[in-house]
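Observations on chain architecture
Single-letter residue listing:
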Amino acid sequence: MIPDALRQQLQLLLEHQPIVKQIIQYLPSDLQRVAGTPEGLLALLLTAAVGLLVLLALAGTSKSKKGSSILLAGPMNAGKSTMYYQLVDGSQHNGLVASMEQNTGVASVNGRQARLLDIPGHHSFRHKLESSVKDAAGIVFVIDAVEITPHKVEAAEMLYELLTNSSFAKSRTPLLLACNKADLEEEAHSTEFIRKTLERQLDAMRKTKTAGIGKEASAGVALGAADKPFSFAGLRSKVALVECSAKAGQLDDVRAFIAGCL
Amino acid sequence: MLDYFAIFTKGGALLWTLQFTTALKHNPLDALNALIRTCLLEERSGDAAFTYAPKVGAQQALKWTFHNGLGLVFVAVYQKTLSLLYVEDLLAAIKDAFLQEYTPGSYSYPQFQDKFAQILRDCETRADKARTLAAQPTRAAPAAAAPAAKAGKAAGQAGSKAGSGAATPQQWSSEESGSDADADAAGSSGSAAGGSSSAAGSDEEAAANGDAAGGFNLAKLKGKGVRAAGPAGRRNTAAARRAVEEAKEKAAKEKAAQSSPAKPKSGRVWGGFGRKEEAVGRLDFTEGQAPGAAANGNGTAEDLGSSLIDAPEEEYEPVDDEPVGQAAANGNAAAPAKRGLLGSFVGKLALSVVGSSALSAADLAPALEDMKRRLMERNVAEEIAAQVVDSVAHSLEGQKLSSFTGVGQFVRRAFEDSLSGILNKRQVDVLHDIKRARARGKPYVVVFCGVNGVGKSTNLAKIAYWLGQHGCKVQLAACDTFRAGAVEQLKTHAMRLGVPLYERGYEKDPAKVAAEAIRVAQRDGRDVVLVDTAGRMQDNEPLMRALSNLISLNQPELVLFVGEALVGNDAVDQLVKFNRSLADLAPGAAAGGPAKRQVIDGIVLTKFDTIDDKVGAALSMVYASGAPVMFVGCGQTYVDLKKLNVRSVVNSLLK
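Residues numbered from 1 in each chain as written. Chains lettered and ligands numbered in written order. Predicted model: local features only at pLDDT ≥ 70, side-chain atom pairs only at ≥ 80, totals over all residues. Heavy atoms only, no water.

All right, on to the overall build of chain B then. Each helix and strand counted, chain B has 24 helices and 13 strands in total. For chain B, the residues scored as buried account for 45% of the 655 residues in total. In chain B, 73% of the contacts between residues at least 6 apart in sequence involve partners at least 24 apart. By element, 54% of the accessible surface of chain B is carried by carbon and sulfur atoms, the whole surface being about 32900 Å². (Helix = DSSP H or I, 4+ residues; strand = E, 2+ residues; numbered from the N terminus. Buried < 20%, exposed > 50% of the residue type's maximum accessible area, 1.4 Å probe, protein only. Contact = heavy atoms within 4.5 Å. Areas by Shrake-Rupley, 256 points an atom, 1.4 Å probe, with all protein chains shown as cover.)

Here's what the structure looks like:
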């Protein structure tokens with residue numbers, strides 16, 4: 001079956017390589033007989049090679065690759081696209097309206113290149129947001145610090161969906177809560193107030209959402225211990241809160257976070 | 001005169017704006033944001049115009065156009081009362097002009113202002129010329145004005161009928177938007193033509209003007225005794241119509257009086273046909289049986305397990321197949337007779353393999369037609385299917401295919417995105433809201449409404465079971481005081497579920513029963529009150545008025561519309577009319593509106609287990625009302641309650 005040259009090489013391998021003989025001895029007795037012949041040895045070598053390739057391929061896909069893009073998410077009118085344009089272009093040009101589709105681009109942050117993905121906050125983009133989380137090296141969740149109270153439920157819902165996303169929890173993607181619109185100094189709430197508001201909302205939400213929606217039970221566990229009230233510090237992922245203003249260009253904390261994610 | 005014109009990218013960056021008037025009290029960007037959030041992102045980009053009502057100031061109308069290849073949006077904003085005719089013309093011209101100057105990445109176009117002013121002037125003069133030309137009474141005009149006048153007459157007569165519904169004004173406005181020249185001929189300076197005029201009065205006026213402007217022989221018309229033009233004629237016709245109406249009313253009253261002479265009401269006899277005592281005796285089974293066993297066969301509902309809504313969501317594997325592509329290919333195969341086989345082959349190659357040429361309407365048409373037919377086969381209402389297809393077509397035209405995707409696959413992906421977007425609405429978290437209401441000390445009131453026989457009482461019981469499982473104290477309110485057995489049905493459910501029921505029997509005012517039930521619930525410390533109402537047809541005005549009375553009197557936190565998944569085209573009509581009745585017929589709606597404007601907050605989709613993959617009713621209802629599907633009833637036992645699985649619905653629709 002196999003050509004003579006190959007047969008000769010295999011015969012030489014069998015006879016003159018002690019390590020091959022040692023390996024054959026470790027095999028079970030039936031296989032030893034098979035491995036003694038050149039055809040058997042060839043077959044074994046081929047299967048071993050194929051098996052190795054398959055293992056390598058599986059390992060390559062199952063290893064959680066660190067994502068490559070920074071996600072800008074948040075409720076509507078938070079200032080995500082303004083922040084995007086400030087980071088990418090350095091100015092917000094003539095102003096912005098509500099985004100109808102996502103913005104992607106490359107920003108140079110502290111000397112490094114970062115790919116930004118800005119997803120609109122409208123509810124019809126929720127599934128796109130969910131599918132983009134697995135590819136994210138870091139998430140900047142932009143919140144309107146002025147209008148936090150009327151929109152706290154919407155912001156908390158989006159944040160909840162983000163925190164209970166399985167790829168987010170598994171890869172422990174770092175999360176930055178950027179309290180935007182700090183340039184309106186008197187009207188913008190403090191980060192402490194926003195933190196407390198969101199924590200309270202998420203605490204209430206995790207009790208009702210695990211009961212009603214029908215997601216996996218692990219989603220509830222991921223949001224901290226059930227007996228203690230919810231807090232961002234208790235999460236496994238790193239969550240930081242900063243103040244920033246996209247319109248005025250005060251985005252140093254955000255830039256530092258992005259540079260740290262890459 | 002326009003108020004504002006803006007050009008921006010789909011990503012949100014404004015490229016060029018022009019503000020015509022500084023008299024606006026609100027930020028003009030608010031109108032744009034409202035347009036994007038409530039119209040364009042809700043897949044309504046096929047609509048003719050959008051109305052924005054600012055908090056201070058007059059209403060504005062917005063018109064728009066896209067350039068999908070470059071991702072640009074052009075929007076013109078003007079006062080709604082003006083109803084300018086040249087706006088669409090202007091949008092198209094500005095689009096062409098701007099594309100010559102546009103460079104991606106550049107955000108300042110200083111020299112575009114002059115070009116814009118010039119194009120605006122051209123469009124205005126063109127529109128003026130068209131209007132003056134059409135307004136002149138010529139011999140050619142009667143041919144054009146006659147259909148307008150006939151339609152006007154038909155609309156006027158229909159408009160004078162009580163409760164004519166939305167059909168006729170829609171026809172009228174669609175005719176107008178189709179033939180702007182005819183509308184000009186009618187002389188109505190735009191209040192009927194541009195905006196959405198649905199009042200019968202404007203129909204009448206437009207119709208009468210049609211006679212005046214067209215070259216009719218007035219003497220001939222007067223002689224025949226037909227409705228004549230001119231102020232005297234108009235008065236005569238209005239008076240004549242009023243006289244006819246009064247005569248009709250009188251005849252109806254006489255007939256009613258004849259059919260029912262003043263006779264005292266006699267008691268109803270069940271089991272009739274003569275054998276009164278015997279029949280009643282036979283039907284009454286309460287004697288001689290133990291009170292507990294008489295109620296039900298298998299005891300209370302505690303041992304049924306948890307509701308299916310709490311079961312983990314099944315993993316849905318989408319079946320990946322390409323029937324859309326094949327059908328589109330067949331459609332394309334039919335077209336090449338015009339272009340020649342070789343030309344069409346090269347064209348198809350260019351589209352699907354190289355992906356260089358932009359998609360035109362002709363390329364998309366077969367795939368879109370196939371998609372519309374497919375949606376309608378899945379029981380989506382016809383007008384909803386048309387609107388969704390229209391909206392997706394608007395967003396696809398001019399886009400370039402990436403290489404190696406066929407038109408069919410491209411269209412299918414676009415539809416998947418848009419259908420998921422429509423069905424994925426913001427969910428109301430009922431349990432969360434109940435907890436908040438509990439903290440405030442008031443019960444959380446839910447009202448179930450819908451047409452006859454959709455499953456309101458059954459699904460009310462299922463939801464009561466689910467809430468009970470999550471520790472909420474439920475109270476039922478029997479406000480269906482009309483249907484025989486409705487109160488007994490709820491009594492049985494209440495007994496099986498172990499919840500209290502507030503009922504006052506039959507023939508009582510449902511609004512008052514509901515108010516008393518809420519008071520009793522508050523006194524007893526119940527968390528939720530589920531109010532069952534009688535089924536009613538959406539066209540029945542007195543019943544719709546009673547429903548809106550109930551809702552506005554009790555101000556429920558949640559108004560659920562119960563609709564069955566078997567319904568077809570009627571779904572749209574039901575929802576639109578229910579919504580409109582709740583908004584318009586509420587007492588105090590005329591006096592500037594109540595504190596909380598009540599419309600349908602959520603949909604309960606019932607009888608979902610009876611349809612296999614004809615799930616289109618979900619899409620029709622969600623698109624027509626804008627409310628999310630909060631519960632899905634999928635069986636007739638207490639546990640058969642689920643949430644809508646958007647992915648599986650979208651896949652069933654596109655299979």
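That was the structure; now back to the text.
Moving on, we come to the overall build of chain A. Along chain A, the regular secondary structure elements total eleven helices and six strands. Each of the 262 residues in chain A was classed as buried or not, and the buried ones make up 47%. Counting only contacts in chain A whose residues sit at least 6 apart along the sequence, the fraction spanning at least 24 positions is 70%. Of the roughly 13500 Å² of accessible surface on chain A, 56% is carried by carbon and sulfur atoms.

Our focus in this paragraph is the sheet that holds strand β12 (residues 629–633) of chain B. In a beta sheet, neighbouring strands pair by backbone hydrogen bonds and run either parallel or antiparallel. Residues and elements named next belong to chain B. Read from one edge of the open sheet, eight strands run β8-β7-β9-β6-β10-β11-β12-β13, paired in mixed fashion. The open sheet terminates on both sides in strands that have one partner only, identified here as β8 (501–502) and β13 (641–642). Of the strand pairs in this sheet, strand β6 (residues 444–449) and strand β9 (residues 528–533) are connected by five bridges, and their pairing is parallel. What sits directly across from V445, in β9, is V529. Strands in contact with helix α20 (residues 510–524) are β6, β7 (474–479), β8 and β9; relative to β7, the strand with the most contacts, it is inclined by about 165°. Most of the contacts of helix α21 (residues 541–554) go to β6, to which it runs at about 170°, and overall it touches β6, β7, β9 and β10 (558–564). (Pairing = 2+ DSSP bridges. Axes fitted to C-alpha atoms, helices over the stretch in contact; angles between N-to-C directions.)

Looking at helix α11 (residues 252–261) of chain A, one finds that the buried residues are V254, F257, I258, A259 and C261 of chain A. In this structure, the buried side of α11 of chain A is in contact with β1 (69–73), α5 (80–89), β2 (103–109), β3 (112–118), β4 (136–144) and β5 (175–180) of chain A.

For the rest of this paragraph, the subject is the pairing of β2 of chain A. Residue and element names in this part refer to chain A. Side chains N103, G105, A107 and V109 project from β2 onto a buried face, and the interleaved T104, V106 and S108 project onto a face without burial. With seven bridges joining them, β2 and β3 adopt antiparallel strand pairing. By the bridge assignment for β3, T104 is matched with L117. What sits between the antiparallel neighbours β2 and β3 is a turn of two residues, in which N110 has the positive phi angle 50°.

Let us now look at the interface of chain B and chain A. Between chain B and chain A, the residue contacts involve 40 residues of the former and 33 residues of the latter. Buried surface at the junction of chain B and chain A, both sides included, amounts to about 3200 Å², of which 57% is carbon and sulfur. When the area that chain B buries against chain A is broken down by residue, the three leading residues are R37, L41 and R426 of chain B, summing to 20%. Between the two partners, chain B and chain A, sit 14 residue pairs in polar contact (both at pLDDT 80 or more). Counting residues per element, the ones that place at least two in the side of chain B that touches chain A are β1 (2–9), β2 (14–19), α1 (28–40), α16 (407–423) and α17 (430–440) of chain B. A per-element tally of the side of chain B that touches chain A places α1 of chain B first, with six residues. Residue composition of the side of chain B that touches chain A, grouped by class: 18 nonpolar, ten polar and twelve charged. (Buried area = accessible area lost by both parts, 1.4 Å probe. Polar contact = N/O pair within 3.5 Å; in protein donor to acceptor, adjacent residues only side chain to side chain. Nonpolar A, V, L, I, M, F, W, Y, C, P; charged D, E, K, R; others polar.)

Now for the packing of aromatic side chains. With the rule as written, the count across this model stands at 14 aromatic pairs over all chains. Directly above the aromatic system of F66 of chain B lies the positively charged group of K10 of chain B, at a separation of 5.1 Å from the ring centroid. (Phe/Tyr/Trp six-rings, centres within 6.5 Å; stacked < 30°, edge-to-face > 60°. Lys NZ or Arg CZ within 6 Å of the ring centre and 35° of its normal.)

Residue and element names in this part refer to chain A. Pairing within the open sheet is mixed, and its six strands lie in the order β2-β3-β1-β4-β5-β6. Looking at the sheet topology across the chains shown, the edges are occupied by β2 and β6 (239–243). If you compare each strand with its neighbour and ignore which way they point, the axes differ by 25° on average. Lying over the sheet, α5 contacts β1, β2, β3, β4 and β5, oriented at roughly 45° with respect to β2. Strands in contact with helix α6 (residues 126–133) are β1, β3 and β4; relative to β1, the strand with the most contacts, it is inclined by about 150°.

To continue, consider the UniProt feature "domain: SRP54-type proteins GTP-binding" (unreviewed entry) in chain B. UniProt records the feature "domain: SRP54-type proteins GTP-binding" (unreviewed entry) at residues 628–641 of chain B, using the numbering of this structure. End-to-end, the C-alpha atoms of residues 628–641 of chain B are 16 Å apart, and along that stretch the chain is 0% helix and 43% strand. (UniProt positions renumbered as here; feature names shortened; annotations may be inferred.)

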